[in-house]
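# Coordinates in review
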Amino acid sequence: MLILGIYLDNAATSFPKPQAVIQSMVDFMIENGCTSGRGAYEKAIEADSRIYQSRKAIARLFNFNDPKKVIFTSNVTESLNLAIKGILKKGDHVIVSSLEHNGVWRCVKTMERDLGIRISKIPCSAEGYTLARDLEKLIRENTALVVMTHASNVLGTIQPIAEIGQICRQYRIPFLVDAAQTAGAHYIDVVKDQIDLLAFTGHKSLLGPMGIGGLLINWEGDICPLKSGGTGGDSAYEYQPDYYPNKLETGTLNVPGIIGLHEGIKFIEKEGLDKIRKKDAELADYALARLKEVDDIILYGPQDSGKIIGVISFNLKSKACEQIAYELDQNFGIMIRAGLHCAPSAHQIIGTEKSGTCRIGIGYFNEKQDIDQLVEALKSISIN
Ligand SMILES: Cc1ncc(COP(=O)(O)O)c(C=O)c1O
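Residues numbered from 1 in each chain as written. Predicted model: local features only at pLDDT ≥ 70, side-chain atom pairs only at ≥ 80, totals over all residues. Heavy atoms only, no water.

### Side note on the overall build of the protein chain
Of regular secondary structure, the protein chain possesses 11 helices and 13 strands. In terms of C-alpha radius of gyration, the protein chain reaches 21 Å, essentially the compact-globule figure of 21 Å for 384 residues. Overall, the C-alpha framework of the protein chain stretches about 70 × 55 × 35 Å when taken along its three principal axes. Counting across all 384 residues of the protein chain, residues that qualify as buried make up 59%. Partitioning the intrachain contacts of the protein chain with sequence separation of at least 6 by distance along the chain shows that 68% fall at a separation of at least 24. As displayed, the protein chain has an accessible area near 16,400 Å², and 51% of this comes from carbon and sulfur atoms. Here the protein chain carries 42 positive and 46 negative side-chain charges, and the mean point of each set is 3 Å from the other. (Helix = DSSP H or I, 4+ residues; strand = E, 2+ residues; numbered from the N terminus. Rg over C-alpha atoms; globule rule 2.2 N^0.38 Å. Buried < 20%, exposed > 50% of the residue type's maximum accessible area, 1.4 Å probe, protein only. Contact = heavy atoms within 4.5 Å. Areas by Shrake-Rupley, 256 points an atom, 1.4 Å probe, with all protein chains shown as cover. Lys, Arg positive; Asp, Glu negative; His and termini not counted. Charge placed at Lys NZ, Arg CZ, Asp CG, Glu CD.)

Here's what the structure looks like:
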């Protein structure tokens, strides 16, 4: 597999992709290339079937039994907007974690400004953990939604979604999980974890291409569509159909993207989540241990791979994070991310809301040598 440089930015998007992901998309575009849900000719029906198979694979991965309630979107940001804007109404109250990505935070803040919804944040520890019991104190009569990221994209901390899910069910409040960082990297079971709405993106640990994501709806309540338009059927009806997936899925689908995503899921199933999770944890532990060798390093978050996914934030006391990332790239060919990572709330917890952090995102195709090279490069950067 050809990789130019050392890629440690998998929390932004995974790279490289399994060859089968790329090949499946190319093959479809050469051999079929037809739209789904519209035509009645053979190739269009084949495209339909590929889409349905992909819905089934996604449902299976998250232990869900209703593929038609797997809604395709362009990314998790759209999925989160669809769920949040489709459920919350004027005067409602929403509870979010203290670690949310702007995909959630900007969405609820905009609704607070424009519609007067009320927001409560569940506090979290200095290491970036939420205690489920803190949720209960915030529930009000008009609480209409609880939203929580499964794992922080700044600190990597895994949140207690099963316990939160249990409390939400008890109070009959829909529970929306942002699985951007965990889908394909960590166990998610919508039944056991009592998740009502699961938002995911295809291009991170699910190993698919960019431009495809989804929302899994394990909930009977009403969600108002974000978009209206063509669904390929019921064309004389002047409103959006009220059955799934057409209710929330409109316009021509990203068929090659959905096929590539399906192939990414097949790869995950073949490797096995246990193996994927084990490798991620081993590399995270290795990275945490080796990074400590760098003299002026500050590591953020818990230093225990049992509590995080392979996302680690750090700074060097001697240099700004942007400078470190620049030098790693230019002088060592190592790609990491620097800044606030679209999650300013999480930085408030660790006091880096002004400086930002360097972040490594470990992926399934990283090896210990990548960490070794990062550590040696950081040692050199920190003394120069
Ligand atoms: C926790 C979290 N939520 C949302 C997003 C947004 O993902 P996307 O750009 O695929 O919509 C990301 C990725 O950057 C993330 O890490």
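### Quick word on a nonpolar patch on the surface
On the surface, Ile 22, Val 26 and Ile 30 cluster together into a nonpolar patch covering about 270 Å² of accessible area. Tracing the backbone through its elements, the reader meets Ile 30 in helix H1 (residues 19-31). (Patch = residues over 30% accessible without salt bridge, like charges linked within 9 Å, V, L, I, M, F, W, Y side chains within 5 Å. Salt bridge = Lys/Arg side-chain N within 4 Å of Asp/Glu carboxyl O.)

### Considerations on the domain arrangement of the protein chain
Domain parsing of the protein chain yields domain 1 (6-16 + 273-383) and domain 2 (19-271). The C-alpha centroid of domain 2 is placed 27 Å from the C-alpha centroid of domain 1. Broken down residue by residue, the surface that domain 1 buries against domain 2 is led by Leu 273, Ile 309 and Ile 349, which jointly contribute 22%. The interface formed by domain 1 and domain 2 contains one salt bridge. For the salt bridge of Glu 271 with Lys 275, the shortest nitrogen-to-oxygen distance reads 3.0 Å. Across the contact surface, domain 1 and domain 2 share 16 residue pairs in polar contact (both at pLDDT 80 or more). (Domains from an automatic or database assignment. Buried area = accessible area lost by both parts, 1.4 Å probe. Polar contact = N/O pair within 3.5 Å; in protein donor to acceptor, adjacent residues only side chain to side chain.)

### Brief notes about the site of the ligand
Around the ligand sit Asn 75, Val 76, Thr 77, His 101, Thr 149, Asn 153, Asp 178, Ala 180, Gln 181, Thr 201, His 203 and Lys 204, and that is every residue in its neighbourhood. Taking Thr 77, its side chain carries an N or O atom lying 2.5 Å from an oxygen atom of the ligand. Here an oxygen atom of the ligand and a side-chain polar atom of His 203 are 2.7 Å apart. Taking 400 Å² as the accessible area of the ligand by itself, protein coverage stands at 87%. In the shell around the ligand, the residues fall into two nonpolar, eight polar and two charged. (Near = heavy atom within 4 Å. Nonpolar A, V, L, I, M, F, W, Y, C, P; charged D, E, K, R; others polar.)

### Description of the nonpolar core
Of all hydrophobic cores here, the largest spans 47 residues; its most connected members are Phe 62, Leu 135, Phe 175 and Leu 198. Going through the elements one at a time, helix H2 (42-61), strand E2 (70-73), strand E5 (143-149), helix H6 (161-171), strand E6 (175-178), strand E7 (197-201), helix H7 (255-271) and helix H8 (273-291) are the ones with two or more residues in this core. When residues of this core are assigned to their parent elements, the largest contribution, seven residues, is made by H7. When sequence neighbours within four positions are dropped, the list of residues in contact with Leu 198 reads Phe 62, Val 177, Ala 179, Ile 188, Val 190, Gly 214, Leu 215 and Leu 216. Counting residues in each nonpolar core, the second largest holds 30 residues, with Leu 80, Leu 88, Val 104 and Leu 176 among its members. (Core = buried A, V, L, I, M, F, W, Y, C linked by side-chain atoms within 4.5 Å.)

### Here's the deal with H2
Counted at 1.5 Å a residue, the expected span for H2 with its 20 residues is 28 Å, and the 29 Å between its end C-alpha atoms agrees. Where the residues of H2 are buried, they touch H1, E2, E7 and H7. Immediately downstream of H2, the backbone of Asn 63 shows phi near 55 degrees, a positive value. (Expected span 1.5 Å × (residues − 1).)

### Considerations on the packing of helix H3 (residues 76-87) against helix H4 (residues 102-115)
One can describe the packing of H3 onto H4 by two numbers: an axis separation of 9 Å at closest approach and a directional angle of 35 degrees. You can see that H3 and H4 cross each other, and the crossing is right-handed. Two secondary-structure elements touch here, H3 through Thr 77, Leu 80, Asn 81, Ile 84 and Lys 85 and H4 through Gly 103, Val 104, Cys 107, Val 108 and Met 111. When its residues are assigned to classes, the contact of H3 with H4 shows six nonpolar, three polar and one charged. (Axes fitted to C-alpha atoms, helices over the stretch in contact; angles between N-to-C directions. Left-handed = near helix turned anticlockwise from the far one by under 90°.)

### So, the environment of Ser 79
One can find Ser 79 in helix H3. For Ser 79, a relative accessible area of 0% puts it in the buried group. Each C-alpha atom of the pair Ser 79 and Val 104 lies 10.0 Å from the other, and the pair is 25 residues apart in sequence. Among residues more than four places away in sequence, those in contact with Ser 79 are Thr 73, Ala 199, Phe 200, Gly 213, Gly 214 and Leu 215. Reaching out from Ser 79, the side chain makes a polar contact with the side chain of Thr 73 at a distance of 2.8 Å. In terms of polar contacts, Ser 79 uses its side chain to reach the backbone carbonyl oxygen of Gly 214, at 2.8 Å.

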